[in-house]
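Coordinate inspection notes
As a plain string of letters, each chain reads:
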Amino acid sequence: MCNRILMPMKLIVTGFLLCIMANVSAIIIRDDLDDSNYLVNDSDYPALVDLIEPGDCIGTLVHESYLLTVAHCAADLNLGNSLSVNGTEYIIADIILHPDWNQRRDEYDIALIRFTEPVQGVKPLPIYRGENETGSLLTLVGRGVTNTGVMGERGAKDDSKLRRCTNAVSSVDEHFIEIRFERPGEEGVTSLEGVGAAGDSGCPAFIEIDGIFYIAGLNSWGDGPRGVRVGQYSAFDYQTRVSQYLEWLDSVVDFPAHPQPTSSMEILEVGATRNNGGFIESLTLRFPSQIGKSYAVQQSTNMSSWKISKSGVMGSGNFITLSITPPVTNNENIFLRVRQE
């Protein structure tokens, strides 16, 4: 175990950023929560498009004429097929698989689907262009089979209903974002913990920045350590890491300009306890809350990439006071915020 090294740092409070997240997991869910916590309406996500059939692969509108998905789903489509986007049929004009994708391997699992005409009445969703996914909160939206983390995919049902879940990024590499399915009560578990499952291939994994949800990953495959099946607690879920394919994506699509973040701010009260050397030993946060809502404390050194310090804090309708251990960092600036999950 590493010893904590307390570095002198400047605590900067940006405020309590109140973000009412749209109802967002079929998706494998926690066994201690009712399925209704995860269910969402199709109308909440008009940019999500069923590719094969409901419950079998999803693409997301990222340009008025293009869907983004994984290559192993797009490879099963044919030119001239029609896909329903928010109730309107559009014809596939082109299927563009990443040139390095090979169906015998997992890497480069990304593709674009072009329609013969632009989609009307549906706003394309932006892609994530940062490089700091590790530690970030992901929101996955899918329609594949569903079950709880006790059994995982084994015995899962296919009801074709749209669900969302959340999870924290454990690691990334040049191809994938990795998340781990923590069980209730385990450190790092989120209030809507879950992972993708069979049928969720291509479903978007969002990183939220200042009220805007960016597509950071595309559900690709799952795995588990010895004795753990796909979708069970402690299993891993892997999303194609979109930020690693920006050069290729931009060579194919002239993406629209990024949306400008909009948000409302409220005051977050912060107190610090320091030792004789001036190092911060503990932080006390106080912020307003709503009954039945869940909150997460996040930290950043640059106000661009945010990581979770504490999640699953349930609102009481009054002010909540939390004590947290300061983050270990060599950066003298620490930004803190509280977000509604």
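The structure under discussion appears in the preceding block.
Worth saying up front: this structure is predicted, and the values here are computed from it rather than measured.

Examining the overall build of the protein chain
If you tally the helices and strands in the protein chain, you get two helices and 24 strands. Taken as a whole, the protein chain presents about 15,500 Å² of accessible surface, with 46% of it coming from carbon and sulfur.

Remarks on the sheet that holds strand 12 (residues 163-172)
Pairing in this closed barrel of six strands is antiparallel, and the strands run 10-12-13-17-16-15 around the ring. Each strand of the sheet is rotated relative to its neighbour by a mean of 45°, with strand direction disregarded. Where strand 13 (residues 176-180) meets strand 17 (residues 236-241), five bridges bridge the pair, whose relative direction is antiparallel. In the strand pairing of strand 17, Ile179 is matched with Asp237.

Section: the state of the cysteines
Going through the model one piece at a time under the given rule, you end up with one disulfide. There is a disulfide in this structure between Cys57 and Cys73, and the S-S distance comes to 2.0 Å. The S-S bond linking Cys57 to Cys73 shows a torsion near -70°; that makes this disulfide left-handed. With Cys57 in strand 5 (residues 56-63) and Cys73 in helix 1 (residues 71-74), this residue pair connects regions lying 16 residues apart in the sequence. A relative accessible area of 6% means that Cys57 is categorised as buried. No disulfide involves Cys203; its sulfur sits 7.6 Å from the nearest other cysteine sulfur, which is in Cys165. For Cys203, a relative accessible area of 0% corresponds to the buried category.

Regarding the environment of His98
Mapped onto the secondary structure, His98 falls in the loop between strand 8 (88-97) and strand 9 (111-115). Expressed as a C-alpha distance, the spacing of His98 and Leu249, which sit 151 residues apart in the sequence, is 9.0 Å.

Some points on the pairing of strand 13
Most of strand 13 sits inside the fold, with four of its five residues counted as buried. Bridge analysis of strand 12 against strand 13 gives three bridges, and the strand direction is antiparallel. Residue pairing for strand 13: Val169 is matched across the bridge by Ile179. Here strand 12 hands over to strand 13 after three residues, the two strands then running antiparallel side by side.

Quick notes on the packing of aromatic side chains
How two aromatic rings sit relative to each other is given by the distance of their centres and the angle of their planes. One pass over the full model with this rule turns up eight aromatic pairs. Pairing Tyr108 with Tyr245 gives two aromatic rings, centres 6.2 Å apart and planes at 70°, and the pair type is edge-to-face. Highlighted residues: Tyr108 in the loop between strand 8 and strand 9 and Tyr245 in the loop between strand 17 and helix 2 (246-252), separated in sequence by 137 residues. A residue is classified by how much of its surface remains accessible, and Tyr108, at 25% relative accessible area, is partly exposed. Taking relative accessible area as the criterion, Tyr245 reaches 3% and is therefore assigned buried. Ring centres of Phe176 and Trp221 lie 5.8 Å apart, and the angle between their planes is 80°; on these two criteria the pair is classed as edge-to-face. Of this pair, Phe176 sits in strand 13 while Trp221 sits in strand 16 (residues 212-223), and the two are 45 residues apart along the sequence. With relative accessibility at 7%, the residue Phe176 sits in the buried group. One aromatic cluster is present, formed by Phe176, Trp221, Phe236 and Tyr238 through successive ring pairs.

Considering the sheet that holds strand 14 (residues 194-195)
In spatial order, the strands read 11-3-14; together these three strands make up an open sheet with mixed pairing. Edge positions in the sheet fall to strand 11 (147-148) and strand 14, since each of these pairs with one other strand and no more. Relative to strand 14, strand 3 (residues 28-29) runs antiparallel, the two being bridged by two bridges. What sits directly across from Ile29, in strand 14, is Gly194.

A word on the pairing of strand 21 (residues 294-300)
Burial analysis of strand 21 places six of its seven residues in the buried class, which makes it a mostly covered element. Sheet analysis places strand 21 next to strand 22 (residues 307-314), joined by five bridges and oriented antiparallel. Pairing of Ser294 across the sheet is with Met314, part of strand 22.

What counts as what
- Residues numbered from 1 in each chain as written.
- Predicted model: local features only at pLDDT ≥ 70, side-chain atom pairs only at ≥ 80, totals over all residues.
- Heavy atoms only, no water.
- Helix = DSSP H or I, 4+ residues; strand = E, 2+ residues; numbered from the N terminus.
- Areas by Shrake-Rupley, 256 points an atom, 1.4 Å probe, with all protein chains shown as cover.
- Pairing = 2+ DSSP bridges.
- Axes fitted to C-alpha atoms, helices over the stretch in contact; angles between N-to-C directions.
- Disulfide = S-S within 2.5 Å.
- Buried < 20%, exposed > 50% of the residue type's maximum accessible area, 1.4 Å probe, protein only.
- Phe/Tyr/Trp six-rings, centres within 6.5 Å; stacked < 30°, edge-to-face > 60°.

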